[in-house]
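The residues making up each chain are set out below.
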Amino acid sequence: MARYKPIDTQPKFIPVDLAAQLLPGTFEHALHHLLEHAIDVTPFDARYRNDSTGAPAYPPAMLLRVVLFAYARGIVSSRAIARACEDHVTFIALSGDSRPHFTTIAHFVSTLGDQIAPIFAAVLAVCDRQGLIGREMFAIDGVKLPSNASKHRSGTRADFERQAAKMERAAEAMLARHRVEDARDTEPTLAAKDTARRERLLRDAAELRTWLTQHPKDRRGPTGAIRKSNRTDNESAKMATSKGVIQGYTGVATVDAAHQIIVDAQAHGVGAEQELLLPAVDATSALRQPETMITADAGYHSEANLRALADAEVSALIADKDMRRRDARFATQDRYTALPHALHDKSKPARKPLAVFGPDDFQYDPVARTCVCPAGKSLYRRGAARVTHDHVGAHFRGAKRDCGPCALRAQCLRSPDTTPTRTVAFFHGRVSTRDVDHSAAMRDRIDTPEGRAQYAQRFAVVEPVFANLRANKRLDHFTLRGRGKVDTQWKLYCLVHNIEKLAHAGYAA
């Protein structure tokens, strides 16, 4: 029978050369070399006022090394990072066996603020010197992630006013009921549970009133429409995703096509991606060249964005929502669609379209400008010529005396119980209020063989980057509150990605 030497995994007291644990060619070695030799971290000195008094502080470069290495290993909790600095030899080597407390780590990350942007730019400069930025194509994309905020505390000021008033009314009703009970001859025992509930309602209502006083105005979008506020993090947004509605932020990354270096990273409390394209493009102005191509998916498509890019003479390929329908290569894409998860599928079964009369069922005379419905009744014409979404046409409406008792209402109206009369339009032309239809020009450009080949390259550029951040780094939520702090955390994760690229390229090996 074979015999083997025993394998002993018990703890041992052995001498360890901490510097030797950072092997050349690894992420931790590149990270240590960057923060020790290539990046100026002296601006962090302004955070401290302990030159002559006070306790010595942990070096910011050491804390940054530990946090970035933890993010690279999918560790985001400050307590878990502090434990790793005590137990894991690589963390011990990066921290110099200093063992920072978890509150120190949490405070450092949450107060980085604008100081992380110069670090991000310095790493980009190193990537550029290593030849990792090609500037041929920048692909823009984003991911919506929940943050440390409750979506149940979202609403407009009017919603919060109604909630506070409802709580106050409930508390008053409970108090009145107690007074009635107290007036009886035999005094009942006061229900402690009701009393606690009334106090909780009054406390919650007071918190709502205080929040309303501190925030006298609703949040507004770029068009002036009211956006829902959030009482735990008013800079976050309620946004729809494939997994349902979340309260969080959108992390936007601009990725260079040469080696998938993230050249810009921003986090916004906005769910509508159209608003995020131009800030991302503007942030890359120092890196772009005249021939640099900007690509983005249909979420960033709008006429205003395309016009702004054209005015700035930025070469771009921005897909529209119907691009795949026009591309024969996506004709069979439905067969690869995975079955929806039973716990996350919030969609309703598709309703069978109602068989209603269409414009072809009406007798329209463009010369006489008359219209007769399938029941033989004449419709009233509404105006000489009306414009609907740049389309010019003749609009007609039926009379209540004809549509009300009509036997064909169920076939003519989608909602015969609530819609009084039928309207129908016949379009005969299109007018544009714009000098140039940038959306049409972009469709024509992206539908060419060259445009499709360039846009297809975008998938191979940006999708692996987000797969690395989401799957390998286990980034499934932001742990901080406030756009500034969330933006810092997003930049830290993108920094990890770029430093990994430097390590794989043999930097400081």
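I will try to describe carefully the structure that is included in this document. (Residues numbered from 1 in each chain as written. Predicted model: local features only at pLDDT ≥ 70, side-chain atom pairs only at ≥ 80, totals over all residues. Heavy atoms only, no water.)

### Digging into the overall build of the protein chain
Link 1 in the chain: A tally of helices and strands in the protein chain yields 16 helices and 16 strands.
Link 2 in the chain: Here the protein chain has a C-alpha radius of gyration of 31 Å; the compact-globule value for 509 residues is 23 Å, and the former is much larger.
Link 3 in the chain: Projected onto the principal axes, the alpha-carbon positions of the protein chain cover approximately 100 × 90 × 70 Å.
Link 4 in the chain: The proportion of buried residues among the 509 residues of the protein chain is 39%. (Helix = DSSP H or I, 4+ residues; strand = E, 2+ residues; numbered from the N terminus. Rg over C-alpha atoms; globule rule 2.2 N^0.38 Å. Buried < 20%, exposed > 50% of the residue type's maximum accessible area, 1.4 Å probe, protein only.)

### Quick look at empty space enclosed by the protein
Link 1 in the chain: Scanning all chains against the criterion turns up one cavity of 30 Å³ or more.
Link 2 in the chain: In this structure, the largest cavity spans a volume of roughly 160 Å³.
Link 3 in the chain: Surrounding the largest cavity, 18 residues form its lining, C373, C403, C406, C412 and R422 being those nearest its centre.
Link 4 in the chain: Within the residue set of the lining of the largest cavity, elements represented by two or more residues are α12 (400-403) and α13 (409-412).
Link 5 in the chain: Here the residues of the lining of the largest cavity sort into 12 nonpolar, two polar and four charged. (1 Å grid on protein atoms, 1.4 Å probe; cavity = no way out; pocket = protein on both sides within 12 Å on 5 of 7 lines; lining within 4 Å. Points joined across faces, edges and corners; volume = space filled by probe spheres on them. Nonpolar A, V, L, I, M, F, W, Y, C, P; charged D, E, K, R; others polar.)

### Observations regarding the pattern of salt bridges
Link 1 in the chain: Taken as a whole and assessed by the stated rule, the structure comprises 18 salt bridges.
Link 2 in the chain: K12 is the partner of D8 in a salt bridge, and the nearest nitrogen-oxygen pair spans 2.7 Å. Of the two residues, D8 and K12, neither departs from the other in class, the shared state being exposed.
Link 3 in the chain: Ionic pairing is found between R326 and D320, a salt bridge with its closest N-O pair at 2.9 Å.
Link 4 in the chain: Assessed through its relative accessible area of 29%, R326 is described here as partly exposed.
Link 5 in the chain: What you see here is one network of salt bridges that share partners, running through D141, D297 and R458. (Salt bridge = Lys/Arg side-chain N within 4 Å of Asp/Glu carboxyl O.)

### A word on helix α14 (residues 438-446)
Link 1 in the chain: Of all the positions in α14, only H438, S439, A440, M442 and I446 are classed as buried.
Link 2 in the chain: Taken together, the buried residues of α14 touch α10 (303-311), β10 (316-318), α11 (323-326) and α15 (449-472).
Link 3 in the chain: Two to three positions downstream of the cap, the backbone nitrogen of S439 sits 3.3 Å from a side-chain oxygen, assigning the N-cap of α14 to D437. (Contact = heavy atoms within 4.5 Å. Polar contact = N/O pair within 3.5 Å; in protein donor to acceptor, adjacent residues only side chain to side chain.)

### Description of the packing of α15 against helix α16 (residues 483-504)
Link 1 in the chain: The N-to-C vectors of α15 and α16 enclose an angle of 115 degrees; their axes lie 11 Å apart at closest approach. In terms of axis orientation, α15 runs roughly perpendicular to α16. The crossing of α15 and α16 is right-handed. Within the contact between the two elements, α15 uses V465, F466, N468 and L469 and α16 uses W490, Y493, C494, H497 and E500. (Axes fitted to C-alpha atoms, helices over the stretch in contact; angles between N-to-C directions. Parallel < 35°, antiparallel > 145°, perpendicular 65-115°, else oblique. Left-handed = near helix turned anticlockwise from the far one by under 90°.)

### Topic: the nonpolar core
Nonpolar side chains tend to gather and get buried jointly when the protein is soluble and globular.
Link 1 in the chain: One finds I140, I262, I318, W490 and L492 to be the most contacted residues of the largest nonpolar core, which totals 94 residues.
Link 2 in the chain: Those residues in contact with I262, other than ones at most four positions away along the chain, are F120, L124, A253, T254, V255, V465, L469, C494, H497 and N498.
Link 3 in the chain: Listed in part, the 10 residues of the second largest apolar core include L379, A394, C412 and V424. (Core = buried A, V, L, I, M, F, W, Y, C linked by side-chain atoms within 4.5 Å.)

### Quick word on helix α5 (residues 102-110)
Link 1 in the chain: If you check which residues of α5 are buried, you get I105, F108, V109 and S110.
Link 2 in the chain: As for α5, its buried residues are in contact with α2 (60-72), α3 (78-87) and α16.

### Quick word on the environment of I446
Link 1 in the chain: Mapped onto the elements of the fold, I446 is located in helix α14.
Link 2 in the chain: A relative accessible area of 1% places I446 in the buried class.
Link 3 in the chain: When sequence neighbours within four positions are dropped, the list of residues in contact with I446 reads L317, I318, A319, M323, R326, G451, R452 and Y455.

### A few points about the packing of aromatic side chains
Link 1 in the chain: Evaluation of the coordinates by the stated rule reveals 11 aromatic pairs.
Link 2 in the chain: Judged by centre distance (6.3 Å) and plane angle (25 degrees), the rings of F27 and F69 are stacked. Separated by 42 residues along the polypeptide, F27 in helix α1 (residues 27-38) and F69 in helix α2 bring together distant segments of the chain.
Link 3 in the chain: For F27, a relative accessible area of 7% puts it in the buried group.
Link 4 in the chain: We classify F69 as buried; its relative accessible area is 2%.
Link 5 in the chain: Relative to W211, the ring of F160 has its centre 5.1 Å away and its plane inclined at 80 degrees; by these criteria the two rings are edge-to-face. Remark: W211 occurs in helix α8 (residues 192-214) and F160 occurs in helix α7 (residues 157-182); sequence separation between them is 51 residues.
Link 6 in the chain: Within the aromatic cluster, the residues linked to one another by ring pairs are F27, F69 and F91.
Link 7 in the chain: Residue placement shows R231 over the ring face of F160; its charged tip is 5.1 Å from the ring centre.
Link 8 in the chain: Here R458 stacks its cationic end above the ring of F459, 5.8 Å away from the centre of that ring. (Phe/Tyr/Trp six-rings, centres within 6.5 Å; stacked < 30°, edge-to-face > 60°. Lys NZ or Arg CZ within 6 Å of the ring centre and 35° of its normal.)

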